[in-house]
Amino acid sequence: MGGIFLIPLLLISPKTYCTLTISGLAMGMLLFLVASGFSLIFGFLSVLNLAHGALFTWGAYISFTSFSLMNRWTGWGGSESFLSNMVIFLLSLLLAGLFVGLLGMMTERLVIRPVYGSHLFQIFITVGAMIFLEELIRVLWGPDDEVMPVPISFIGSLDFFDIVVAKYPLVAIGVGIILYLSIYLILKKTKIGTIVRAGVENPEMVQVMGHNIYRYFTGVFAIGSALAAIGGGMWATFVKSINPAMGGEVIVFALIVAIIGGLGSITGSVIGALMVGLSYNYVAYLVPKAALGITMLLLVVILLFRPTGLFPEGT
Amino acid sequence: MDKPILKVEGIHAFIGKHHILQGVSFEVKEGQITVLLGRNGAGKTTSLRTIMGLVPISQGSIQFKDQSIERLRPFEIARRGIGFVPEDRGLFNLLTVEENFRVAMLEENENTKKRLEMIFEIFPDLRRFWKSKAGILSGGQKQMLAIARPLINPNELLLIDEPSKGLAPIVVDHLIEAFHRLKEHTVIILVEQNFYMASQIGTHFYLFDDGRTVHHGRMVELIQNEEMKNKYLGISTIPSRGIQD
Amino acid sequence: MKEKSLTPVQQFRLREKRERFRKPSIYIKILFIVFLLYVPFLFQSFELIDVIIKVIIFSTLVASYDILLGYTGIVSLGHVLYFGIGSYLVGILMGKWGWVSYGSLGLAFLFAILISGILSVLIGFFSLRIRAIFFAMITLAFMEFAFILASQLRGITGGDDGISFKLPGILSVDFTLGKFGGIDVTGRIISYYFIFLACFLLFMMMLRFVNSPLGRVLQSIRDNEQRSIAIGYKTYLYQVIASTFSSCVAAITGGCFALWVRYVSPDSSLSVSIMLDVLLMVIVGGMGTLYGGILGASFLMVARAFLPKIQYLVASIFPGVPFAIRFSERWLLYFGLFFILIVYFFPKGILGTLEEIIDKKRKD
C-alpha cells in the first residue's frame with residue numbers, strides 16, 4: 001500500500017521527487033505533533049477539544065518569545081554553530097511545551113471536567129475556550145503577524161548529489177521521529193503507558209482496578225497540549241511567521257489526520273500525518289489548486305473503507 | 001470470624017429516572033461464597049456496581065470491614081481490597097495477558113509472585129498465553145483471565161458478575177473447580193443466572209425480586225425448595241404433569 | 001355510529017387550537033410581528049434597520065440549525081455551508097454573470113435549494129453512518145474546504161474579494177415608490193419586507209415541521225435512537241429528511257442575506273466564525289426551541305452593534321494606557337469567556353431555562 005507514494009515518480013523527476021518527499025515528510029511530522037495530541041486526548045478522555053488549535057498557537061508564541069529572549073542573552077540563535085542553534089531551538093520548544101502543558105492542565109480542570117460525557121457541550125465550551133485563548137494572544141502580543149526568528153544554520157539547503165534538500169525539514173523530521181519514538185516507548189514499556197493504553201479501551205475498568213483515572217486524564221491532556229505546543233513552535237519556524245489565527249488553519253488538517261489515523265492511536269496519527277503531508281506536497285507541485293482537494297479525497301476514501309480510521313482505539 | 005466482612009443495608013439506587021434498587025440488604029462473612037439470584041432486571045448487577053462505587057446510592061449504607069464505603073470513588077474502593085469482574089469481563093483486549101495483570105497489580109513484591117504462581121496453578125492456560133493479546137483468547141480463557149486478574153492483589157472480597165455467561169458446559173465445570181480452590185483465599189459474591197453453577201459453588205444465597213432482597217439463607221436449603229425456585233427464578237426441576245396437581 | 005378516535009398527536013393539536021388564545025405567548029408573538037412590520041416607519045436610522053433585518057435572517061438560520069441540533073440531535077459544524085451556497089448563488093447569478101432580473105433571482109434561490117438538498121443528502125449518506133462525533137468533525141472539514149475553494153476559484157466566486165452586485169427592479173437601491181406614511185419607500189425598504197416575508201414563511205414552515213408527526217419521530221430519535229429503531233422507524237431516513245429540510249432553509253436565508261448586503265465573499269458567508277456565531281446564538285437562545293433562535297440572534301446582533309460603542313467609552317476613561325485599550329478593544333475575549341460561562345451555568349439557554357422554571361412551577 002505504501003507503493004502508492006511512488007506513483008508521482010511517473011510524473012516528477014527523481015530529484016524533485018526527493019525534495020518534495022523530504023518536505024512532505026517534514027510537514028507530516030509537524031501535523032503529527034498537533035494531531036497526535038488531539039487523537040490521544042480524544043481516545044483516552046473521550047473529549048473533543050476544539051481549543052487544541054489555540055494551544056498550538058500559544059506554543060508558537062511562547063517559543064517565539066523564549067527564543068527571542070534567550071537569543072538576546074546568549075546569541076546562540078545567531079551563531080553559525082549547529083549545536084548552539086539546536087540547543088536554543090530545543091530549549092524554546094521545551095519551554096513552550098512546559099508552559100502550554102500547564103495551560104492544558106488548567107484548561108482540563110476548569111473547562112473540560114464539567115462537560116465530561118457530553119460531546120455536544122464539549123464542542124460549545126471548547127469553542128469558547130478557543131476564542132478566549134486566541135484573543136488573549138492578541139491582547140498580550142498584539143494582533144499582527146510577527147516574523148519568527150530561525151536559527152542561522154537551519155536556513156538554506158544542502159546539496160546531495162544534485163538533490164536539493166532544505167535543512168529545516170530535516171530537523172523537523174528528526175525531532176518528530178524522536179518524539180514519536182519516545183511516546184511510543186513510554187506507552188508500550190512503562191506501567192503508566194500501559195494504563196493509558198488500557199484506559200483508551202475501557203476507562204471505567206481502569207478505575208475499578210484502583211487507579212485514579214482523573215489524574216491520568218489531566219496528565220494526558222497536559223501532554224497532548226504540550227505536543228500541540230511543540231508542533232506550534234516548529235510550524236512557526238517552518239513558515240517563518242506567527243499570527244494569532246494560525247491555529248485555526250492547522251486544526252482542520254490535524255483533525256483530518258487524526259480521523260484518518262484512528263482516534264486514540266499514536267501510530268495512526270503518524271501514518272495519517274505522513275500520508276497527508278506527502279500527498280499534499282506532491283499534488284501541490286503538480287496541480288497547485290488541487291492540493292487541499294487531495295487531503296479531502298484521502299479522508300473520504302479512508303472513511304469509506306475504514307469508518308473508524310486506520311488504527312481504531314489502540315496503538 | 002463471625003462478623004460480616006461486607007454489610008449492605010437498605011440501599012436505594014436510581015439509574016436516570018428508574019428506581020432500580022428499592023431496598024437491598026445483604027451481608028457476607030469470611031469463608032462464604034454468596035450468590036445473588038433472581039430474574040433479569042431484579043437489581044443484582046446494579047447492587048454489585050453500587051458496592052464498587054460505579055452507581056451512587058440515594059439511601060442506605062455499605063460497610064466493608066466496618067468502614068463505610070458508600071461515598072468513596074471506585075479506585076479508592078478497589079484499593080481497600082475489593083475486586084470486581086463485570087458482566088462483559090472488562091478485559092483490555094489490545095493488551096497482552098501479562099499487561100492486563102500489570103494494570104491490575106497495585107504493588108509488586110514477593111507475595112505478588114506467589115499469588116501469580118497460585119493463579120497459574122488454577123488457570124494454567126494463562127501461563128501459556130502470557131505474552132499473547134487478550135483479544136485472541138477463547139471465551140472460556142477470557143473468563144479465566146477476567147476472574148484471575150483481581151487475584152493478583154490481596155483482595156479480601158471479590159465481586160463477580162455472571163461468570164458462566166456464554167460458556168460451554170465443560171468450561172463451566174472447570175470454573176466450578178477453580179471457584180472451590182478460590183474459596184480459601186477470598187470471600188466471593190457472585191451474580192449467577194445459571195442455577196446449576198450457583199448451586200454447585202455457592203454456600204449462601206440472596207434472592208432478588210423487583211429491586212429488593214426478599215429471601216436469603218444457605219444454598220442447601222434453596223436447592224430443595226421448589227416453590228421458591230419456581231417463584232423467583234422461574235425454574236423447576238420437577239417435570240410438569242399437566243394442569244392439575 | 002362509530003366515533004373515529006384521534007391519535008395522540010391529533011388530540012394534542014386540537015387541545016392546542018382551543019387553548020391558543022388563552023396563552024399569553026400568542027399575544028407576545030403577534031405583537032412582535034406587528035412591531036417588525038412597523039420597523040421601517042418607526043426607525044429612521046438605517047443602522048437600526050440593518051441590525052433588525054440581520055436578526056430576522058439569522059433567527060431563521062439558527063432555527064434551521066436548531067432543527068438539526070435541538071430536535072433531531074445531529075451535531076453538524078458545517079451548517080453555514082448551505083448558507084454560503086445560497087449567498088453565492090445569488091451573488092454569482094446577479095453579479096458574476098450579470099443576470100439582473102426577477103427571473104434569475106428566483107432561479108438563484110431555486111438552484112440554492114436544489115444544490116443544498118442534493119449536497120445534504122450526499123453528505124448525509126456518507127456521514128450519518130459513522131459516529132456522531134466524526135460527523136461533526138467532517139462537516140467542519142467540508143465547510144473549511146468550501147471556504148478555501150471559494151477563496152481560490154476567482155473566476156467563479158471572485159476569490160477573497162467577493163462579488164458585489166445590483167438587484168433587479170423594485171428591490172434595487174435606486175428605485176423608490178414615493179412617500180408613504182412619512183418615509184421614502186425605497187428599494188431597501190421593499191427588500192426589507194421581502195426578506196421579512198420570506199423568513200416569516202420559513203419560520204412557519206419550520207414550526208409546522210417540528211410539530212408534525214414527522215417532527216415527533218425526530219425527537220424520539222434524538223432522545224433514544226435505539227428505541228426508535230426497535231419500534232420500527234428507519235431513523236436514518238428521517239435524519240436525512242430533517243437534514244435536507246434544514247439545509248434548504250439555510251440556503252434560502254443565505255440568499256436573503258446576500259440580497260440585503262448586495263455582496264458575497266468567503267468571509268461574509270462561508271466562514272467558520274459565522275458558524276461559531278450560530279453556535280453561540282443557539283446556545284444562548286436555547287436548543288430544541290425554535291424561538292430560541294430569535295432570542296439568541298437578537299442578543300448577538302444587538303451586542304455586536306453596540307459593544308464597539310461601549311469600547312470607545314471605556315477606552316476614553318483610560319486614555320493613553322495601551323494595555324487597557326487592548327483589553328477593552330478585544331471584546332471577543334469576553335465573548336469567549338461569556339460563551340464558556342453560559343455553557344456552564346445555562347446549558348439550556350435563555351428560553352430553555354425559562355421553560356424549565358415554568359415547568360417546575362406547574363408541578364407545584
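Residues numbered from 1 in each chain as written. Chains lettered and ligands numbered in written order. Predicted model: local features only at pLDDT ≥ 70, side-chain atom pairs only at ≥ 80, totals over all residues.

The next thing to look at is the overall build of chain B. Summing up its helical and strand segments, chain B has 10 helices and 10 strands in all. Computed over the C-alpha atoms, the radius of gyration of chain B is 18 Å, within 12% of the 18 Å expected from 2.2 N^0.38 for a compact globule of 245 residues. By its C-alpha atoms, chain B is 60 × 40 × 40 Å across when sized along the principal axes. Out of the 245 residues in chain B, the part that is buried amounts to 41%. Within chain B, counting contacts between residues at least 6 apart in sequence, those at least 24 apart form 68% of the total. (Helix = DSSP H or I, 4+ residues; strand = E, 2+ residues; numbered from the N terminus. Rg over C-alpha atoms; globule rule 2.2 N^0.38 Å. Buried ≥ 20, exposed ≤ 12 C-beta atoms within 10 Å, placed from the backbone. Contact = placed C-beta atoms within 7 Å.)

Let's shift gears to the overall build of chain C. Broken down by element type, chain C carries 17 helices and 4 strands. The C-alpha atoms of chain C give a radius of gyration of 22 Å, which matches the 21 Å a tight globule of 364 residues would have. When its C-alpha atoms are laid out on the principal axes, chain C stretches across 70 × 50 × 50 Å. Restricting the contact set of chain C to residue pairs at least 6 apart, pairs at least 24 apart contribute 74%.

As a further point, take unusual backbone geometry. We note that Arg89 of chain B has phi near 80°; this positive angle belongs to a residue other than glycine. Mapping Arg89 of chain B onto the fold places it in the loop between strand E6 (82–85) and helix H3 (97–104).

The subject of this paragraph is the packing of helix H6 (residues 191–201) of chain A against helix H8 (residues 213–239) of chain A. A pair of packed helices is captured by two measures, namely the crossing angle of their axes and the spacing between those axes. Residue and element names in this part refer to chain A. Taken N-terminus to C-terminus, the directions of H6 and H8 make an angle of 100°; their axes are 11 Å apart at the nearest point. Accordingly, the angle class assigned to the pair H6 and H8 is roughly perpendicular. Residues Ile195, Val196 and Gly199 of H6 form the contact with H8, whose participating residues are Ile213, Tyr216 and Val220. Here the residues of the contact of H6 with H8 sort into 5 nonpolar, 1 polar and no charged. (Axes fitted to C-alpha atoms, helices over the stretch in contact; angles between N-to-C directions. Parallel < 35°, antiparallel > 145°, perpendicular 65-115°, else oblique. Nonpolar A, V, L, I, M, F, W, Y, C, P; charged D, E, K, R; others polar.)

Attention now moves to the interface of chain A and chain C. Each partner contributes to the interface: chain A provides 29 residues, whereas chain C provides 31 residues. The set of elements that each furnish at least two residues to the side of chain A that touches chain C consists of helix H4 (119–141), helix H9 (246–261) and helix H11 (291–305) of chain A. Examining the composition of the side of chain A that touches chain C, we find that 15 residues originate from one element, H4 of chain A, more than from any other.

To continue, consider the pairing of strand E1 (residues 6–15) of chain B. Residues and elements named next belong to chain B. The pairing of E1 with strand E4 (residues 57–64) spans 6 bridges and is antiparallel. Bridge pairing in E4 places Ala13 opposite Ile57. Bridge count between E1 and strand E2 (residues 18–28): 8 bridges; the pairing is antiparallel. Looking at E2, one finds that Leu6 is bridged to Val28. Counted between consecutive antiparallel strands, the loop separating E1 from E2 contains 2 residues, among which Gly16 sits at a positive phi close to 70°. (Pairing = 2+ DSSP bridges.)

A separate point is the interface of chain B and chain A. At the interface, 17 residues of chain B touch 18 residues of chain A. Within the residue set of the side of chain B that touches chain A, elements represented by two or more residues are helix H2 (74–79) and H3 of chain B. Its residues assigned to classes, the side of chain B that touches chain A comprises 12 nonpolar, 2 polar and 3 charged.

On to the confidence of the model for chain C, then. Caution applies to low-pLDDT parts of the model: their predicted coordinates are not meant to be read in detail. Scored by pLDDT, chain C comes out at a mean of 81, with 91% of its residues at no less than 70. Both confidence scores are given for the complex: pTM 0.83, ipTM 0.86. (pLDDT = per-residue confidence, 0-100.)

Soluble globular proteins: nonpolar side chains tend toward being buried together. Judged by nonpolar contacts, the single largest core of 275 residues is most densely connected at Leu31 and Ala254 of chain A together with Leu159 of chain B. When residues of this core are assigned to their parent elements, the largest contribution, 19 residues, is made by helix H1 (residues 14–45) of chain A. Residues within four places of Ala254 of chain A in sequence aside, it is in contact with Leu31, Val34, Ala35 and Phe38 of chain A. (Core = buried A, V, L, I, M, F, W, Y, C linked by C-beta atoms within 7 Å.)

Looking across the 2 pairs of chains in contact, one finds the most contacts between chains A and C. Taking C-alpha atoms only, the smallest gap left between chain B and chain C, which are not in contact, amounts to 13 Å.

A rise of 1.5 Å per residue sets the reference length of H8 of chain A, with its 27 residues, at 39 Å; its end C-alpha atoms lie 38 Å apart and thus fit the reference within 8%. Within H8 of chain A, 23 of the 27 residues are buried, which leaves the element mostly enclosed by the surrounding structure. (Expected span 1.5 Å × (residues − 1).)

A separate point is the sheet that holds strand E5 (residues 67–68) of chain B. Either a parallel or an antiparallel arrangement is found when strands of a sheet pair, and the pairing is made through backbone hydrogen bonds. If you trace the 4 strands from one edge of the open sheet to the other, you get E2-E1-E4-E5 (chain B), paired in antiparallel fashion. Both edges of this open sheet fall to E2 and E5 of chain B, since each of them pairs with a single strand only.

What follows deals with the domain arrangement of chain C. Once the domains are mapped, chain C shows domain 1 (1–39) and domain 2 (43–363). Summarising the inter-unit geometry, the C-alpha centres of domain 1 of chain C and domain 2 of chain C are found 27 Å apart. (Domains from an automatic or database assignment.)

Glancing now at the sheet that holds strand E7 (residues 157–161) of chain B. All names here are of chain B. Pairing is mixed in the open sheet, where 6 strands are placed in the order E6-E7-E8-E3-E9-E10. This sheet does not close on itself; its edge strands, each paired only once, are E6 and strand E10 (212–218). Across the sheet, the mean angle separating the axes of adjacent strands is 15° when strand polarity is ignored. The sheet strands contacting helix H1 (residues 44–51) are strand E3 (33–38), E7, strand E8 (187–191) and strand E9 (204–209), and the helix crosses E7 at an angle near 145°.

Residue and element names in this part refer to chain A. The geometry of helix H2 (residues 52–74) relative to H8 is characterised by a closest axis approach of 7 Å and an angle of 55° between their N-to-C directions. The angle between the axes of H2 and H8 places the two elements in the oblique class. Considering only the axes of H2 and H8, their crossing is right-handed. In contact with His52, Leu55, Phe56, Thr57, Trp58, Gly59, Ala60, Ile62, Ser63 and Phe64 of H2, H8 contributes Ser225, Ala228, Ala229, Ile230, Gly231, Gly232, Gly233, Trp235 and Ala236. Along the lines of polarity and charge, the residues of the contact of H2 with H8 split into 11 nonpolar, 8 polar and no charged. (Left-handed = near helix turned anticlockwise from the far one by under 90°.)

Here the focus is the environment of Ile22 of chain A. Residues and elements named next belong to chain A. By the secondary structure assignment, Ile22 is in helix H1. The spacing of Ile22 and Gly277 is 255 residues in sequence and 9.8 Å in space, taken between C-alpha atoms. Setting aside anything within four residues of it in sequence, one finds Ile22 in contact with Val165, Pro169 and Leu170.

Moving on, we come to the environment of Val147 of chain A. Residues and elements named next belong to chain A. When you line up the elements, Val147 lands in strand E1 (residues 146–147). Given 10 C-beta atoms within a 10 Å radius, Val147 is considered exposed. Val147 sits 83 residues away from Phe64 along the chain, and the two C-alpha atoms are 9.0 Å apart. With sequence-adjacent residues up to four places away left out, Val147 is seen in contact with Lys240 and Ser241.

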